[in-house]
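Topology and contacts: notes
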Amino acid sequence: MSTTFRTAVVRDPGGPDPIEIIDVPRTEPGPGEVRVEIAGAAVNPVDLAVVSGFFHEIGLIERTGHVGLGWDFAGTVAAAGPDAGFPVGSRVAGILPGFDRDFGTYAEQLVIPVDDLALVPEGLDLTTAAAVPLNALAAARLVDLLGDGEGRSLLVTGAAGAVGANAAVLAQERGWRVTGLARAGDEKFVRGLGVDFTQEAAPGWDAVADAATLQDRGIALVRDGGVFVGVLPNAAPPEERGVTVRVLDVRADGARLAELLDAAASGRLPVRVHAVVPLDEVAGVHRAVAEGGVRGKYVLRP
Ligand SMILES: NC(=O)c1ccc[n+]([C@@H]2O[C@H](COP(=O)([O-])OP(=O)(O)OC[C@H]3O[C@@H](n4cnc5c(N)ncnc54)[C@H](OP(=O)(O)O)[C@@H]3O)[C@@H](O)[C@H]2O)c1
């Protein structure tokens, strides 16, 4: 077996051709860890922001060498350390959070603590499962930050996107009266989530969950004394008019992810894959996503 594996990294953020595929040394799993052979890694806005240099600019990436890409993954356990729990061959998914690191999930493999992993249920193929973890965990966390709705009104911006669509469903289950803000062409999808739809929202909402990163324009839609939950780390809009401002900070959580994967497998939570593409085509995929308008995630297959 090879002693190295391939992974996509950024060397020159913001540069003309920033993504490179390199070989890095394979490591063995320690206690409570497994090595996962990755079947799919979803491409998310956070990865585009790493490539653009956004997180370097706001101080979340300080290293001068290459930076790893990819947070989401699904794959198969290839080696298990002591007390790992998941036997070799288990189908698993998870996230590898963190900005300032030398490789991520755009890779052939990774070593990860089992507490951060969940089994992928039967009926969910690994490339579809790869599009679930980051966005479903983010949506669940976002709804935690909102709390119980008790019939109050919630505007979810970007409701046709992965975080927004999952948040719309989960918030409705927590008692919010949810309206999704999305593009005109997304009306059918958003209504299909069981929530109301708008393509232009007037102010006055009890809460706004801002998955479209409208930021100042988003907080302006909250009524005086309401709640705004943003999704951009280190970039909360200033509080105004007594509006409580919170910012999403997703974390790995295997137990919770297991519930969310079950919900995706049963169709309770939406999961959309736009295309499954070889890892070698990562630069073109990033360009396509940057143009906007893509519905569903690209999943990279190493
Ligand atoms: N802080 C955290 O822990 C955390 C975790 C996960 C995700 N996030 C962030 O959450 C955000 C959403 O992620 P995602 O994966 O859901 O992205 P996504 O799938 O690309 O969805 C974003 C959606 O917002 C829509 N949108 C943007 N501007 C809009 C506008 N003015 N009106 C209506 N719709 C608009 C986009 O439509 P178009 O494509 O047509 O523009 C797209 O459908 C990203 O910024 C991501 O980085 C944060």
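Residues numbered from 1 in each chain as written. Predicted model: local features only at pLDDT ≥ 70, side-chain atom pairs only at ≥ 80, totals over all residues. Heavy atoms only, no water.

**Some words on the overall build of the protein**
What the protein contains, in helices and strands, is nine helices and 16 strands. Relative to the compact-globule value of 19 Å for 302 residues, the protein shows a C-alpha radius of gyration of 19 Å, a close match. On the principal axes, the C-alpha backbone points of the protein span a range of 60 × 40 × 35 Å. Buried positions account for 51% of the 302 residues belonging to the protein. In the protein, once contacts between residues fewer than 6 apart in sequence are set aside, the share between residues at least 24 apart is 65%. Approximately 12800 Å² of the protein is accessible, and the part contributed by carbon and sulfur atoms is 49%. On the protein, the mean spot of the 26 positive side-chain charges and the mean spot of the 40 negative ones are 4 Å from each other. (Helix = DSSP H or I, 4+ residues; strand = E, 2+ residues; numbered from the N terminus. Rg over C-alpha atoms; globule rule 2.2 N^0.38 Å. Buried < 20%, exposed > 50% of the residue type's maximum accessible area, 1.4 Å probe, protein only. Contact = heavy atoms within 4.5 Å. Areas by Shrake-Rupley, 256 points an atom, 1.4 Å probe, with all protein chains shown as cover. Lys, Arg positive; Asp, Glu negative; His and termini not counted. Charge placed at Lys NZ, Arg CZ, Asp CG, Glu CD.)

**Overview of the domain arrangement of the protein**
If you check the domain split of the protein, you get domain 1 (4–131 + 272–301) and domain 2 (135–247). Taking only C-alpha atoms, the centre of domain 1 and the centre of domain 2 are 27 Å apart. Listed per partner, the contact involves 11 residues of domain 1 and nine residues of domain 2. With both sides pooled, the region where domain 1 packs onto domain 2 buries about 780 Å², and carbon together with sulfur makes up 53% of that total. Sorting the residues of domain 1 by area buried against domain 2 places Ile58, Arg272 and Arg295 first, and these three jointly supply 47% of that buried surface. Taken together, the residues of the side of domain 1 that touches domain 2 break down into six nonpolar, one polar and four charged. (Domains from an automatic or database assignment. Buried area = accessible area lost by both parts, 1.4 Å probe. Nonpolar A, V, L, I, M, F, W, Y, C, P; charged D, E, K, R; others polar.)

**Details of the pattern of salt bridges**
Under the definition given, this model contains 16 salt bridges. Residues Arg256 and Asp144 are paired through a salt bridge, measuring 2.7 Å at the closest nitrogen-oxygen approach. With Arg256 in helix H8 (residues 254–265) and Asp144 in helix H4 (residues 133–146), the pair connects residues that are 112 residues apart, well separated along the chain. With relative accessibility at 27%, the residue Arg256 sits in the partly exposed group. A relative accessible area of 31% places Asp144 in the partly exposed class. Each of the salt bridges in this network shares a partner with another, and the network as a whole consists of Asp144, Asp148, Arg174 and Arg256. (Salt bridge = Lys/Arg side-chain N within 4 Å of Asp/Glu carboxyl O.)

**Brief notes about H4**
Taking 1.5 Å of rise per residue, 14 residues should cover 20 Å, and H4 covers 20 Å from first to last C-alpha, within 8% of that figure. Buried residues dominate H4, accounting for 12 of its 14 residues. For H4, the set of buried residues is Pro133, Leu134, Asn135, Ala136, Leu137, Ala138, Ala139, Ala140, Leu142, Val143, Leu145 and Leu146. Looking one or two places after H4, you find Gly147, whose phi comes out positive at around 80 degrees. (Expected span 1.5 Å × (residues − 1).)

**Here's the deal with the environment of Pro233**
Relative to the helices and strands, Pro233 resides in the loop between strand S13 (222–230) and strand S14 (244–247). On the basis of relative accessibility, which here comes to 21%, the residue Pro233 falls in the partly exposed class.

**Examining helix H9 (residues 282–290)**
When we look at burial in H9, the residues that qualify are Val282, Val285 and His286. The buried side chains of H9 occupy one side of the element, clustering within an arc of 100 degrees when seen end-on. On its buried face, H9 sits against strand S1 (4–10), strand S2 (19–25), helix H1 (45–52), strand S15 (273–278) and strand S16 (297–301). Backbone geometry just downstream of H9 places Gly292 in the positive-phi region, at approximately 85 degrees. (Arc of directions from axis to C-beta.)

**Details of the side chain of Asp72**
Examined against the element boundaries, Asp72 turns out to sit in strand S5 (residues 72–80). For the buried Asp72, which has no salt bridge, the nearest side chain bearing the opposite charge is Lys297, at an N-O separation of 7.0 Å. Looking at Asp72, its side chain comes within polar contact range of the side chain of Asn44, at 2.9 Å. (Polar contact = N/O pair within 3.5 Å; in protein donor to acceptor, adjacent residues only side chain to side chain.)

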